[in-house]
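One letter stands for each residue in the lines below.
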Amino acid sequence: MAGVRNSEEIDINGASDDVFSPKPPESTEECQESCTFEAPDDSEVQERKLAGETQLPSTNDTAQNEINEELDDSKEYNTEEFENAEMLAKNPDDDEDLYMYEENANYEEEVQQVEHEECDDNREDRSRTSNASQLARNLKKRSIKWNSHLRSMSVQVSDSSLIEKAKTLAPLFSSGKHKGQAGRIGVFGGSIEFTGAPYFSSITALKVGADLSYVFTIKDAAVVIKSYSPELMVLPFLDDPDAINKIKPWLDRLHVALLGPGMGRADSTKQTFEAIICLCRSKNKPLIIDADGLFFVAQNPDILKDYPAPVILTPNKAEFARIVGDSNLEGPKVERAKPFLEKTGPSVTIFCKDAEDEIITLGNTIKLTGGGSGRRCGGQGDMLGGAMSTFLTWALEKNLPPAVACFAASKLTRDCNAQGFVKHGRSLVVTDMIQEIHSVFQENFELK
Ligand SMILES: NC(=O)C1=CN([C@@H]2O[C@H](COP(=O)(O)OP(=O)(O)OC[C@H]3O[C@@H](n4cnc5c(N)ncnc54)[C@H](O)[C@@H]3O)[C@@H](O)[C@H]2O)[C@@H](O)CC1
Ligand SMILES: Nc1ncnc2c1ncn2[C@@H]1O[C@H](COP(=O)(O)OP(=O)(O)OP(=O)(O)O)[C@@H](O)[C@H]1O
């Protein structure tokens, strides 16, 4: 694949001193031997089924029977919710009746509470039984439709070889490894206006499995970002008059630099951005460029010309139009990207974010669809960039192409969105999606 270089050329470890030099990565062969990729297990469904076996004590009381019926119904819905993704895809027209579901987590909790109270008290206090019955009915009324947004929960990719390769990405756990070997990610971004974006990226990089995550930001944003998470190392260098010299020693430690989330578009920021790219170039540092970083690249694509390590650009639809320099939001992206990619050279991969994600290299495109929910909360692209940073670190260590990291990040983001939507519906925010990373990762990328 274009833009893929071997690990010696990439200098993926990037460390100039021994303290930060990771040991050589395990060979891909070794890893593949120990990796098996199994279909997601249905333990959650089983757990819910088991929970559903608990019945209230039988009673002749009508209200009590009503409650039992309500509770039985709710258990059915809660179990169905996890079983029906495939059915949705197969029978898209059936969704109206079939996919009414309860706001399951809260519903189940509240009903179980009622169940408890009823078991204890129903012989003594019939009026509470009827209150509980009303509560169960009210809860059911709050049911929302699981509509066509979730018809397909499975991500489809036009190059299925990526699926197998993505399964081999995660490094093995080993007590012999030291902190940093699973990834040291640097996120360069943040501004007075946007402190959330670099946070979402860097916390996601950590939660996907990087060992260390640094945020390089401006002074006034640094304290704010630190306050979001003690896990992140936040360095207030971006608006320092001596920014590049301050950044330099830290850059040596990074496996991948993600540039742009929430960075802002001020001219002074553009200068710093370009100076960072020059510095990264001198150190063969793999790059991911997102958001405002793409705004700057659009103004000066030559900054990436013949870049000596892999670069992934992650534009959304609007940003894509900006970097390829056309105002047309439609048309085959692989064609529209061609002049830009010819100019920059083979190191650059474009991952275009949209309902259909596309991994574009010169003359080639791989498309990803499915997953997600129709709920499009801000920060989802930042999350994707953070995940991609960690996946790219691992891909390069294993000599896998950047496309594998793109696929993995897209799959993870889309599944986190779909899974989060089941719990939070319209209230889903990117923080909720980040909470889903562990279980989505376990299902799709963990060595089994
Ligand atoms: N909590 C935060 O701090 C967040 C900060 N963000 C930052 O906000 C800044 C501006 O980002 P924007 O994404 O708004 O700027 P863009 O210039 O990327 O987007 C401009 C417009 O394009 C539209 N657009 C995006 N995808 C589209 C699609 N598929 N089809 C049609 N239109 C589409 C958007 O609605 C938006 O109005 C960046 O620095 C970004 O990192 C965002 O990442 C969101 C979260
Ligand atoms: N319509 C959609 N259906 C399914 N998934 C989607 C859809 N749109 C976006 N996504 C997923 O979300 C990812 C991020 O896309 P998005 O358009 O939110 O990026 P962004 O504009 O950079 O986000 P932000 O700036 O808010 O962080 C995409 O790569 C894709 O995986």
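Being a predicted model, the structure only gives us computed values, none of them experimental.

A. Layout of the overall build of the protein. The helix and strand tally for the protein stands at 20 helices and 12 strands. Within the protein, the proportion of its 448 residues that are buried is 53%. By sequence separation, contacts in the protein at least 24 residues apart represent 75% of the contacts at least 6 residues apart. Within the structure as shown, the protein displays about 19800 Å² of accessible surface, and the carbon and sulfur contribution to it stands at 48%.

B. Representation of unusual backbone geometry in the model. Notably, Ala291 is not glycine yet its phi reads approximately 45°, a positive angle. With respect to the secondary-structure elements, Ala291 resides in helix H14 (residues 291–299). Unlike most non-glycine residues, Asn399 shows phi in positive territory, near 60°. Residue Asn399 is classed as partly exposed on the basis of its relative accessible area, which comes to 40%.

C. Structural view of the UniProt feature "binding site: (6S)-NADPHX" (unreviewed entry) in the protein. Cross-referencing UniProt, the feature "binding site: (6S)-NADPHX" (unreviewed entry) maps to Gly262, Asn316, Lys317, Ala318, Glu319, Phe320, Ala321, Arg322 and Asp382 in the present numbering. Those annotated residues that line the second largest pocket are Gly262, Asn316, Glu319 and Asp382. Among the secondary structure elements, Gly262 is positioned in the loop between strand S7 (256–259) and helix H13 (267–282). For Gly262, a relative accessible area of 5% translates into the label buried. The residues touching Gly262, leaving out its near neighbours within four places in the chain, are Gly189, Gly190, Ser191, Phe194, Ala197, Pro198, Ala291 and Asp292. With respect to the helices and strands, the residue Ala321 is situated in helix H15 (residues 317–324). Ignoring any residue separated from it by four or fewer positions in sequence, one finds Ala321 in contact with Asp326, Asn328, Leu329 and Arg336.

D. Structural view of the sheet that holds strand S12 (residues 364–369). Taken together, the 10 strands give an open sheet; going across it, the order is S3-S12-S11-S10-S9-S8-S7-S4-S5-S6, and neighbouring strands pair in mixed fashion. For this open sheet the edge positions go to strand S3 (156–157) and strand S6 (233–235), each flanked by a neighbour on one side alone. In this fold helix H17 (residues 380–397) packs onto strand S4 (184–188), S7, strand S8 (287–289), strand S9 (311–313) and strand S10 (348–352), with an angle of close to 160° to the strand it touches most, S7.

E. View of helix H12 (residues 243–251). Ala243, Ile247 and Leu251 are the residues of H12 that are buried. Each buried residue of H12 sits inside an arc of 50° when the element is viewed along its axis, so together they form one side. Tucked inside the fold, the buried residues of H12 contact S4, strand S5 (212–216) and H13.

F. Quick peek at the nonpolar core. One finds Phe188, Ile289, Leu313, Ile350, Phe391 and Leu412 to be the most contacted residues of the largest nonpolar core, which totals 100 residues. Take this core: its biggest share by element is 10 residues, from helix H18 (residues 402–424).

G. Examining the packing of H12 against H13 more closely. Where H12 meets H13, the closest approach of the two axes is 11 Å, and the angle between their N-to-C directions is 35°. The two elements H12 and H13 cross, and the hand of that crossing is right-handed. Between H12, through Ala243, Ile244, Ile247, Lys248 and Leu251, and H13, the contact on the second element is made entirely by Thr272, Ala275, Ile276, Leu279 and Cys280. Tallied by class, the residues present in the contact of H12 with H13 amount to eight nonpolar, one polar and one charged.

H. Broad picture of the layout of surface pockets. In this structure, the second largest pocket spans a volume of roughly 720 Å³. In terms of residues, the lining of the second largest pocket owes the most to one element, H17, which gives four residues.

I. Region of interest: the site of ligand 2. Near ligand 2 lie 15 residues; those nearest to it are Lys353, Asp357, Arg376, Gly379 and Gln380. The contact in question runs from an oxygen atom of ligand 2 to an N or O atom on the side chain of Asp357, over 2.7 Å. Measuring from an oxygen atom of ligand 2, one finds a backbone N or O atom of Asp382 at 3.0 Å. Spatially, ligand 2 is embedded in the second largest pocket. Of all elements in the fold, only H17 and H18 reach the threshold of two or more residues within the shell around ligand 2. No other element matches H17, which puts four residues into the shell around ligand 2. The class makeup of the residues in the shell around ligand 2 is three nonpolar, six polar and six charged.

J. The site of ligand 1, seen in detail. As a structural note, the neighbourhood of ligand 1 is formed by 19 residues, with Gly262, Asp292, Glu319, Arg322 and Asp382 the closest of them. A distance of 3.2 Å is found between an oxygen atom of ligand 1 and a backbone nitrogen or oxygen belonging to Gly196. Here Asp292 contributes a side-chain N or O atom positioned 2.4 Å from an oxygen atom of ligand 1. Its free accessible area being 850 Å², ligand 1 has 58% of it covered by the protein chains. Only helix H10 (196–208), H14 and H15 provide two or more residues apiece to the shell around ligand 1. Of all the elements, H15 adds the most residues to the shell around ligand 1, at four residues. In terms of residue class, the shell around ligand 1 is built from seven nonpolar, five polar and seven charged.

K. Inspection of the confidence of the model for the protein at higher detail. Scored by pLDDT, the protein has a mean of 77; 66% of the residues are at 70 or more. Segment residues 1–107 is flagged for pLDDT under 50; beyond a separation of four residues in sequence, or across chains, it makes 179 contacts in the model. Between residues 142–152, whose pLDDT stays under 50, and residues either more than four places distant or in other chains, the model counts 36 contacts.

Thresholds, definitions, all that
Residues numbered from 1 in each chain as written. Chains lettered and ligands numbered in written order. Predicted model: local features only at pLDDT ≥ 70, side-chain atom pairs only at ≥ 80, totals over all residues. Heavy atoms only, no water. Helix = DSSP H or I, 4+ residues; strand = E, 2+ residues; numbered from the N terminus. Buried < 20%, exposed > 50% of the residue type's maximum accessible area, 1.4 Å probe, protein only. Contact = heavy atoms within 4.5 Å. Areas by Shrake-Rupley, 256 points an atom, 1.4 Å probe, with all protein chains shown as cover. UniProt positions renumbered as here; feature names shortened; annotations may be inferred. 1 Å grid on protein atoms, 1.4 Å probe; cavity = no way out; pocket = protein on both sides within 12 Å on 5 of 7 lines; lining within 4 Å. Pairing = 2+ DSSP bridges. Axes fitted to C-alpha atoms, helices over the stretch in contact; angles between N-to-C directions. Arc of directions from axis to C-beta. Core = buried A, V, L, I, M, F, W, Y, C linked by side-chain atoms within 4.5 Å. Left-handed = near helix turned anticlockwise from the far one by under 90°. Nonpolar A, V, L, I, M, F, W, Y, C, P; charged D, E, K, R; others polar. Points joined across faces, edges and corners; volume = space filled by probe spheres on them. Near = heavy atom within 4 Å. Polar contact = N/O pair within 3.5 Å; in protein donor to acceptor, adjacent residues only side chain to side chain. Sits in = over half its atoms within 2 Å of the grid points. pLDDT = per-residue confidence, 0-100.

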